[in-house]
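These are the residues of each chain, in order.
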Amino acid sequence: MIFTDTHTHLYSEEFNEDRNEMIQRAIDAGVSRFFIPAIDSSQTAAMYDLEKSNPDNVFLMMGLHPTYVKENYQEELQHVKEELAKREFYAIGEIGIDLYWDKTHLAEQQDAFRTQIQLAKQYQLPIVIHCRDAFDEVFAVLEEEKSDELFGIFHCFTGTYEQALQAISYNMKLGIGGVVTFKNGKIDQFLHQIDLQHIVLETDSPYLAPIPYRGKRNESSYVVNVAQKIADIYGVSVDEIALKTTENSKAIFGI
């Protein structure tokens, strides 16, 4: 049984004290595929070190996270372009729009999102979308850029059933993580209406730990807890969830 964590920040400083042990715990639990989103240029070296230490399990993305879109975002986008030209990545991510913390740079976030979608098309890569308090804004850009070449994952999906269908209409899988286990998460109320072919698992570790670890540091082994909750929602075995969601991740990432 192979689980895939499609979104985990294993290079985060929150793992500096026990990174190797934490990764081994995940592998022992059956989670052996880790897809690593980029944040900004300051984390690139740490991502490469992580890949070097775990070449069989770690798969990197490249991109500029929307909350790191500041006045210098064009320089950061140039870094993304330079890294993409150097080597192989498995997705452009995480990219998108975040209006939860700060609306100051909405125009810049929209520009960065649009630019990186175009890079994904150029390199024939999936995108991994970060969306917080910005469904309308994200969908507006996706509508502009929609095509058969546009596909990917709507990371940490927390929207409504209607928004789920809209995301799927743009060739996006729904990244389901710890929120599905929360009493106030709401997505558990309609997820059974979504075909499993549209679902992938994620943790977003070290953030958004599932029940019973909510409020603590998240880690990739907890993707099994997410899978158990999804299995309960769909009325199928955890083995089936592992198999189907890993198949879905391979369809997106090509590996």
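Refer to the preceding data block for the structure.
Reading the values: the criteria
Residues numbered from 1 in each chain as written. Predicted model: local features only at pLDDT ≥ 70, side-chain atom pairs only at ≥ 80, totals over all residues. Heavy atoms only, no water. Helix = DSSP H or I, 4+ residues; strand = E, 2+ residues; numbered from the N terminus. Polar contact = N/O pair within 3.5 Å; in protein donor to acceptor, adjacent residues only side chain to side chain. Buried < 20%, exposed > 50% of the residue type's maximum accessible area, 1.4 Å probe, protein only. Arc of directions from axis to C-beta. Contact = heavy atoms within 4.5 Å. Core = buried A, V, L, I, M, F, W, Y, C linked by side-chain atoms within 4.5 Å. Salt bridge = Lys/Arg side-chain N within 4 Å of Asp/Glu carboxyl O. Pairing = 2+ DSSP bridges. Axes fitted to C-alpha atoms, helices over the stretch in contact; angles between N-to-C directions.

Caption draft 1: Layout of the environment of Asp-195. Residue position: Asp-195 is located in the loop between strand 7 (172-176) and strand 8 (199-201). Separated by 26 residues in sequence, Asp-195 and Ser-221 place their C-alpha atoms 25 Å apart. Polar side-chain contacts of Asp-195 include one of 2.9 Å to the backbone nitrogen of Gln-197.

Caption draft 2: Local environment of helix 2 (residues 44-53). Burial in helix 2 covers these residues: Thr-44, Met-47 and Leu-50. The buried residues of helix 2 occupy an angular sector of 120° when projected down its axis, which confines them to one face. Residues Lys-52 and Ser-53 are exposed on helix 2 and point more than 90 degrees away from its buried face. Here the buried face of helix 2 lies against helix 1 (19-28), strand 2 (31-36), strand 3 (58-60) and helix 3 (73-86).

Caption draft 3: Here's a closer look at the nonpolar core. Residues Ile-127, Leu-142, Phe-154, Leu-174, Ile-176 and Ile-230 are the most contacted members of the largest nonpolar core, which totals 71 residues. Here the element with the most residues in this core is helix 7 (residues 223-234); it accounts for seven residues. With residues up to four places along the chain from it excluded, the contact list for Phe-154 reads Ile-129, Cys-131, Phe-135, Val-138, Phe-139, Leu-142, Ala-167, Met-172, Lys-173, Leu-174 and Gly-175. Core analysis: the second largest hydrophobic core is formed by ten residues, Phe-35, Phe-59, Val-128 and Val-200 among them.

Caption draft 4: Local environment of the pattern of salt bridges. Taken as a whole, this structure holds ten salt bridges when the rule is applied. Between Glu-83 and Lys-86 there is a salt bridge, with the nearest N and O atoms lying 3.0 Å from each other. Placement of the pair is Glu-83 and Lys-86 together in helix 3, with a separation of three residues, close to one helical turn. Residue Lys-86 is classed as exposed on the basis of its relative accessible area of 61%.

Caption draft 5: Looking closely at the side chain of Asn-218. Along the chain, Asn-218 falls in the loop between strand 8 and helix 7. We classify Asn-218 as buried; its relative accessible area is 0%. Within polar-contact distance, the side chain of Asn-218 engages the backbone oxygen of Tyr-207 at 2.8 Å.

Caption draft 6: Local environment of the sheet that holds strand 8. Taken in spatial order, the five strands of this open sheet run 4-5-6-7-8, and their pairing is parallel. Each edge of the open sheet is held by one strand with a lone partner, namely strand 4 (92-98) and strand 8. Across the sheet, the mean angle from the axis of one strand to that of its neighbour is 30°, orientation sign disregarded. Judged from the three bridges that link them, strand 6 (residues 152-154) and strand 7 form a sheet pairing that is parallel. Paired with Phe-154 across the two strands is Leu-174, which belongs to strand 7. Of the strands in this sheet, strand 4 and strand 5 (127-132) touch helix 4 (residues 106-123), which is tilted by about 155° from strand 4. In the packing of helix 6 (residues 161-169) onto the sheet, contacts are made with strand 6 and strand 7, and the angle to strand 7 comes to roughly 135°.

Caption draft 7: A look at unusual backbone geometry. Cis geometry marks the peptide bond from Gly-93 to Glu-94, where omega comes out at 0°. For Glu-94, the position within the fold is in strand 4. Here Ser-205 and Pro-206 are connected by a cis peptide whose omega angle stands at 15°. In this structure, Pro-206 sits in the loop between strand 8 and helix 7. Unlike most non-glycine residues, Gln-124 shows phi in positive territory, near 55°. Judged by its relative accessible area of 67%, Gln-124 falls in the exposed class. A positive phi angle, near 60°, is found at Asp-204, a position not held by glycine. Note that Asp-204 resides in the loop between strand 8 and helix 7. Asp-204 sits in the buried class, given a relative accessible area of 9%.

Worth remembering: the numbers are spatial, not functional.
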